[in-house]
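Residue-level structure breakdown
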Amino acid sequence: MKETDLDAVHGVETRAYAHPWSRKHFKDSLQAGYPAVMLMGEALPHEREQALRLLGYLVAMPGVDEVHLLNITIAPEHQRQGWARFMLDALVLWSRGQNAQWLWLEVRQGNTPARQLYERYGFRQVGLRKAYYPNGHFQREDAVVMSLRLDNPAGEGSTP
């Protein structure tokens, strides 16, 4: 992902979420040097003006012996096709290559499809951040903190 991609990325972000990251969040992540990748696919026949289409993206933050997944998004029209799992696979491989022992993330407590994906992948809930996410009308939503132990390929024992 480059700064020139941010209009397309932010366009997907605003379609995918009621409370999206701002374009500045993405720009700041790129300027900080965080790994940010896009998943591209061939354009459909009616999309002749472009050769590739943005299927999804992720932004991560490496730390000491760990990687924190900050954002993973699949364009709404491509969800439930296995792309998020594909991107998680790539992130896990990259993280292991960085000698990370853990992969961390927060997910909205009410985002059942994402939580189920992470649990099936091997992530385990390790905490709860109260009132972490904005939820409109001055409301807040809790975040479920999850981790995946990377030095165990089967994902077993993923609690720190």
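Residues numbered from 1 in each chain as written. Predicted model: local features only at pLDDT ≥ 70, side-chain atom pairs only at ≥ 80, totals over all residues. Heavy atoms only, no water.

1. Observations concerning the pairing of strand 5 (residues 124-134)
Sheet topology places strand 5 next to strand 6 (residues 140-149); 7 bridges connect them, and they run antiparallel. Pairing of Y133 across the sheet is with E141, part of strand 6. Between the end of strand 5 and the start of strand 6, which pair antiparallel, lie 5 residues, with G136 showing a positive phi angle near 80°. (Pairing = 2+ DSSP bridges. Helix = DSSP H or I, 4+ residues; strand = E, 2+ residues; numbered from the N terminus.)

2. Section: the layout of surface pockets
Volume-wise, the largest pocket comes out at about 1,200 Å³. Taken together, 36 residues make up the lining of the largest pocket; nearest its centre are Y17, I72, N111, A114 and Y118. If you list the elements that add at least two residues to the lining of the largest pocket, you get helix 1 (6-16), strand 3 (66-74), helix 3 (83-97), strand 4 (102-108), helix 4 (112-121) and strand 5. Of the residues forming the lining of the largest pocket, the biggest block, 7 residues, is contributed by strand 3. When its residues are assigned to classes, the lining of the largest pocket shows 20 nonpolar, 10 polar and 6 charged. (1 Å grid on protein atoms, 1.4 Å probe; cavity = no way out; pocket = protein on both sides within 12 Å on 5 of 7 lines; lining within 4 Å. Points joined across faces, edges and corners; volume = space filled by probe spheres on them. Nonpolar A, V, L, I, M, F, W, Y, C, P; charged D, E, K, R; others polar.)

3. Remarks on the environment of D7
Secondary-structure assignment places D7 in helix 1. Take D7: its relative accessible area is 55%, and that puts it in the exposed class. Taking the C-alpha atoms as reference points, D7 and D151, 144 residues apart in sequence, are found 36 Å from one another. (Buried < 20%, exposed > 50% of the residue type's maximum accessible area, 1.4 Å probe, protein only.)

4. A look at the side chain of D142
Along the polypeptide, D142 turns up in strand 6. A distance of 2.8 Å separates a polar atom in the side chain of D142 from the backbone nitrogen of A131. Residues in contact with D142, not counting those within four places in the same chain, are V107, R108, Q109, L128, R129, K130, A131, Y132 and Y133. (Polar contact = N/O pair within 3.5 Å; in protein donor to acceptor, adjacent residues only side chain to side chain. Contact = heavy atoms within 4.5 Å.)

5. So, the packing of helix 3 against helix 4
At a minimum axis separation of 11 Å, helix 3 and helix 4 run at an interaxial angle of 45°. Judged by the inter-axis angle, helix 3 sits oblique to helix 4. When the axes of helix 3 and helix 4 are compared, the crossing they make is right-handed. Residues A84, R85, L88, D89 and V92 of helix 3 touch helix 4, and the partners they reach there are L117, Y118, R120 and Y121. Each residue belonging to the contact of helix 3 with helix 4 can be placed in one class, and the counts come to 6 nonpolar, no polar and 3 charged. (Axes fitted to C-alpha atoms, helices over the stretch in contact; angles between N-to-C directions. Parallel < 35°, antiparallel > 145°, perpendicular 65-115°, else oblique. Left-handed = near helix turned anticlockwise from the far one by under 90°.)

6. A short note on the sheet that holds strand 2 (residues 52-63)
The mixed open sheet is built from 6 strands, whose spatial order is 1-2-3-4-6-5. Each having just a single partner strand, strand 1 (36-42) and strand 5 make up the two edges of the open sheet. The mean inter-strand angle of the sheet, taken between neighbouring strand axes irrespective of direction, is 25°. Sheet analysis places strand 1 next to strand 2, joined by 7 bridges and oriented antiparallel. Opposite E42, over in strand 2, you have L52 as the bridge partner. Each of strand 1, strand 2 and strand 3 is contacted by helix 1, which is oriented at about 90° to strand 2, the strand it contacts most.

7. Describing the nonpolar core
With 26 residues, the main nonpolar core has L69, L88, L103, Y118 and F123 as its most contacted residues. Broken down by secondary-structure element, the contributors of at least two residues to this core are strand 2, strand 3, helix 3, strand 4, helix 4 and strand 6. Residue contributions to this core peak at 5 residues, all from helix 3. In this view, L103 contacts V67, L69, L91, V92, S95, F123, M146, S147, L148 and L150; residues no more than four positions away in its chain are not counted. (Core = buried A, V, L, I, M, F, W, Y, C linked by side-chain atoms within 4.5 Å.)

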